[in-house]
Amino acid sequence: LAIKDVLCTSTMPTTCGSRILEHFVPPYDATVIEKLHNEGAVLLGKLAMDEFAMGSTSENCAFGTPNNPWRPGYVAGGSSGGSAACVAADQCLASLGSDTGGSIRQPASLCGIVGMKPTYGRVSRYGLVAFASSLDQIGPMTKDVRDCALLMKVISGRDPRDATSSPKPVPDYSAALREGLKGVRVGVPTEYFGAGLDPEVEQVVRGAIAMLADAGAEIIKVSLPHTEYCVAVYYLIAPAEASSNLARYDGVRYGYRDMQAESLLDMYRQSRSAGFGNEVKKRILIGTYALSAGYYDAYYKKASQVRTLIREDFARAFASCDLIASPVTPTPAWRIGEKGDDPLALYLSDILTISANLAGIPGMSVPAGFSSGGLPIGLQLQAAHFNEEILLRAAWNLEQRAGVRGRRPELG
Ligand code: GLN
């Protein structure tokens, strides 16, 4: 396996795609890395990502941007873009990514692989370099659903070193892969098929939902009325938590230090100015502002209240269905550089994945088909907390029918 460079490995550097950690080798392994080692996994290396997992294209990586193996010059997605590209291009068996607002599911969709963001608390975050601690979760990125189930079994479970990890027993996820979806109710949220959705994406996703129906599922309409607030809420909560988490990179104990500085304050300022890229700086600014005295109630607190409403939307929906099916991203992959001058368009492209992180529920992207131009399109499945098994079962049934499993890009 090859691993997103956001997970601590004591045998190789862990850069988080940032100059500030360019030569950093952690003194310990992340719990998930330890678990992989215990199962005999061989780690091939670490993979490109947006700096500190902030981005949707991996263009914010300080060490180069991965291409989409289906079409060079196109983005592999982000922030786990290197993971998705490497798995899709057959350069490794599978990868682990991290997902704070879609960073596993979105690149998985754009590169035609399987990606799962588990329930918040299902997988230990010990040794995952923190971006937004109330949203971050580690998950598998694999070539098929069976591999995803296998890796989920290995990495899940309670860890005394992460107080937010759940003591719930870990099911045998592979046993969940059973033929047929009889008795399973699939909700289709009206709000996820709105303006801005590429017609080809809609066609492939609706086709995939019809395949779930062929497998025996009952398809019903559901509503997630607060969907339109997800991006705004996320872009307050995530930067606020990031500004706090990233305060530790001060050049003192580890990471890049500016050696020209003449005072301690200058050393902090110059190390952080040279070490962080622009997107990270922007988010630290937004987050620090949102948390400052006098603004906290208007921004962070308000966002947390709307977050509760979003969570309640899902609770209400899951009273009438077992899983929710939708697109992962509004469009297939785009050209590298194309949205560089339009940060809002980039932020909005996460609108369909962010809600699972805000609600803490599991979500998954599974290959469903291709655009007419030959770019992969995934189906997103979401379920109630700790219901990864129903996701895997539905994904496996789709995989049997969609006819795209094993299809790999031709590499020059
Ligand atoms: N694209 C989102 C962001 O830029 C999500 C990233 C992630 O899930 N790590 O923050």
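Bear in mind that the values here come from a model prediction, so they are computed numbers and not experimental data.

Once that is clear, we can look at the overall build of the chain. When you go through the chain residue by residue, the secondary structure sums to 12 helices and 12 strands. Since a compact globule built from 412 residues should have a radius of gyration of about 22 Å, the 20 Å found for the chain is in line with a globular shape. The buried share of the chain, taken over its 412 residues, is 59%. Long-range contacts, defined here as pairs at least 24 residues apart, represent 74% of the contacts in the chain between residues at least 6 apart. Counting every atom, the chain has about 15900 Å² of accessible surface; 54% of that belongs to carbon and sulfur. Once the 40 positive and 42 negative side-chain charges of the chain are each reduced to a mean point, those two points are 4 Å apart.

In a regular helix each residue adds 1.5 Å, so 16 residues correspond to 22 Å; helix α5 (residues 199-214) covers 22 Å between its end C-alpha atoms and thus fits that length. Check the buried side of α5 and you find it contacts β8 (185-189), β9 (218-222), β10 (323-327), β11 (363-370), β12 (376-383) and α12 (388-402). Looking at where α5 begins, the residue whose side-chain oxygen comes 2.8 Å from the main-chain nitrogen of Glu200 is Asp198. Count one or two residues on from α5 and you reach Gly216, which has phi positive near 115°.

Turning to the pairing of strand β5 (residues 94-99), a few remarks are in order. Within β5, 6 of the 6 residues are buried, which leaves it mostly tucked inside the rest of the structure. A two-sided burial pattern is seen for β5, the buried positions comprising Ala94, Leu96 and Ser98 on one face and Ser95, Gly97 and Asp99 on the other. Sheet analysis places strand β1 (residues 2-4) next to β5, joined by 2 bridges and oriented parallel. Following the sheet pairing, Ala2 is matched in β5 by Ser95. As judged from the 6 bridges shared by β5 and strand β7 (residues 137-142), these two strands associate in the antiparallel manner. Paired with Asp99 across the bridge in β7 is Gln137.

With respect to topology, 10 strands assemble into an open sheet ordered β2-β1-β5-β7-β6-β11-β12-β10-β8-β9, the strand pairing being mixed. Here the strands that pair on one side only, and so sit at the sheet edges, are β2 (45-47) and β9. On average, adjacent strands in this sheet sit at an angle of 25° to one another, irrespective of strand direction. As paired strands, β8 and β9 are joined by 5 bridges and run parallel to one another. Of the residues in β9, the one forming a bridge with Val186 is Ile219. Running at roughly 145° to β7, helix α4 (residues 145-155) makes contact with β5, β6 (114-117), β7 and β11 of the sheet.

In this section: the packing of aromatic side chains. All told, the structure shown has 14 aromatic pairs when counted by the stated rule. For the ring pair Tyr249 and Tyr254, a centre distance of 6.1 Å and an interplane angle of 85° mean the geometry is edge-to-face. Residue Tyr249 is classed as buried on the basis of its relative accessible area, which comes to 4%. Here the aromatic residues Phe24, Phe52, Tyr249, Tyr254 and Phe276 are joined through ring pairs into a cluster of three or more. Geometry around Tyr74 places Arg71 over its ring, the cationic atom sitting 4.6 Å from the centre. In this structure, Lys168 is placed above the aromatic ring of Phe386, and the distance from its NZ or CZ to the ring centre is 5.3 Å.

Here we come to the nonpolar core. By size, the foremost hydrophobic cluster in this structure holds 127 residues, and its most contacted members are Leu7, Phe52, Leu379 and Leu381. At 9 residues, helix α6 (residues 230-245) tops the list of elements feeding residues into this core. Not counting residues within four places of it along the chain, the set of residues in contact with Leu381 comprises Leu212, Leu323, Ile324, Ala325, Pro362, Gly363, Met364, Val366, Leu391, Ala394 and Ala395.

A separate point is the side chain of Arg307. Looking at the element boundaries, Arg307 is found in helix α9 (residues 297-317). Although Arg307 lies buried, it forms no salt bridge, and the closest oppositely charged side chain, Glu241, sits 4.6 Å away as judged by the N-O distance.

Before going further, it helps to examine the pattern of salt bridges. Pairs can form between side chains of opposite charge whenever their charged atoms are close. Applying the stated criterion across every chain yields a total of 16 salt bridges. Of the charged contacts in the structure, one is a salt bridge between Asp144 and Arg405, with a shortest N-O distance of 2.6 Å. Of this pair, Asp144 sits in the loop between β7 and α4 while Arg405 is found in the segment after α12, placing the two residues 261 residues apart along the sequence. For Asp144, a relative accessible area of 8% gives the class buried.

In this section: unusual backbone geometry. The omega torsion across Gly78 and Ser79 is 5°, close enough to zero to call that bond cis. Phi at Phe386 takes a positive value of approximately 60°, unusual for a residue other than glycine. Mapped onto the elements of the fold, Phe386 is located in the loop between β12 and α12.

Definitions and limits used
Residues numbered from 1 in each chain as written. Predicted model: local features only at pLDDT ≥ 70, side-chain atom pairs only at ≥ 80, totals over all residues. Heavy atoms only, no water. Helix = DSSP H or I, 4+ residues; strand = E, 2+ residues; numbered from the N terminus. Rg over C-alpha atoms; globule rule 2.2 N^0.38 Å. Buried < 20%, exposed > 50% of the residue type's maximum accessible area, 1.4 Å probe, protein only. Contact = heavy atoms within 4.5 Å. Areas by Shrake-Rupley, 256 points an atom, 1.4 Å probe, with all protein chains shown as cover. Lys, Arg positive; Asp, Glu negative; His and termini not counted. Charge placed at Lys NZ, Arg CZ, Asp CG, Glu CD. Expected span 1.5 Å × (residues − 1). Polar contact = N/O pair within 3.5 Å; in protein donor to acceptor, adjacent residues only side chain to side chain. Pairing = 2+ DSSP bridges. Axes fitted to C-alpha atoms, helices over the stretch in contact; angles between N-to-C directions. Phe/Tyr/Trp six-rings, centres within 6.5 Å; stacked < 30°, edge-to-face > 60°. Lys NZ or Arg CZ within 6 Å of the ring centre and 35° of its normal. Core = buried A, V, L, I, M, F, W, Y, C linked by side-chain atoms within 4.5 Å. Salt bridge = Lys/Arg side-chain N within 4 Å of Asp/Glu carboxyl O.

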